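# Architecture at a glance
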Amino acid sequence: MNTIRIISANRKRIQLLLICFSFLQGISVTAQSGNYQVIINKVNQFSKPARILSKHIDADGNGSAEFANARKQVLRFRLDHHKLQVQHGGIGYQLFYYKNDYLEKIETFDVNGKLAGEAASKNESGVVFIIEKPDLYLKKKKLIDDAEGNIDLKDDTNEKIIRVQLFDENNMPIPEFQPTYISSKTYWNYNVRMYWP
């Protein structure tokens, strides 16, 4: 009888310990993103909760931060004295969508979280990446990965490996006379978020 009471008491302690651990873990994740919650909440397309993926912000509040979520999205932005920094063309945020570790789409937003076009290009607010020749891209990706990105590959745009579809601020396709292709290295750079507006 005493053994049963001891086992029952130990189970309750373990359950209580697990509940406390889960609660503390939840507080830690909230505290990590809490300083930036107001900033990331402006982009409704970015699913919450989120965790900090990377943060390079100095004591003056200058730098960049990236947040990730369970939907394989990465939201990034730059700060200037703790305030959201406006990039070229009025862009404040970039939202990256991944599937199976491959970049599918990038969207850009203004400081209010509304889709914003990149004026320096074709005023696109969204870019969808379509890998039309996945086997060929994987061969090129291996070369780039092995060199950790430090490789000058011949521009393979004419091989029509990766096509892009551009979208405007209303999320409508931007008409094109012919399909637009990018090089494998350019796509790799986008995939590892080397590009800022």
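Reference entry: report on the structure contained in this document. (Residues numbered from 1 in each chain as written. Predicted model: local features only at pLDDT ≥ 70, side-chain atom pairs only at ≥ 80, totals over all residues. Heavy atoms only, no water.)

### Concerning helix α3 (residues 134–146)
- The end-to-end C-alpha distance of α3 is 18 Å, a good match for the 18 Å that 13 residues give at a rise of 1.5 Å each.
- For α3, the set of buried residues is Y137, K140, K141 and I144. Down the axis of α3, the buried side of the element spans an arc of 105°, and every buried residue falls inside it. Pointing more than 90 degrees away from the buried face of α3 are the exposed residues D135, K139 and D146. (Helix = DSSP H or I, 4+ residues; strand = E, 2+ residues; numbered from the N terminus. Expected span 1.5 Å × (residues − 1). Buried < 20%, exposed > 50% of the residue type's maximum accessible area, 1.4 Å probe, protein only. Arc of directions from axis to C-beta.)

### Here's the deal with the pattern of salt bridges
- Tallied over the entire structure, the rule returns eight salt bridges.
- E107 is the partner of K105 in a salt bridge, and the nearest nitrogen-oxygen pair spans 3.2 Å.
- When its relative accessible area of 4% is taken as the criterion, E107 is described as buried.
- D156 serves as the salt-bridge partner of K140, at 3.4 Å between the closest nitrogen and oxygen. (Salt bridge = Lys/Arg side-chain N within 4 Å of Asp/Glu carboxyl O.)

### Here's the deal with the packing of aromatic side chains
- As enumerated under the stated definition, the model contains nine aromatic pairs in all.
- Ring centres 5.8 Å apart and planes at 65° place the aromatic pair Y36 and F67 in the edge-to-face group. Note that Y36 is positioned in the loop between α1 (2–34) and α2 (37–41) and F67 in strand β2 (residues 63–69), a separation of 31 residues in sequence. For the pair Y36 and F67, one class covers both residues: buried.
- Pairing F129 with Y190 gives two aromatic rings, centres 5.4 Å apart and planes at 45°, and the pair type is tilted. (Phe/Tyr/Trp six-rings, centres within 6.5 Å; stacked < 30°, edge-to-face > 60°.)

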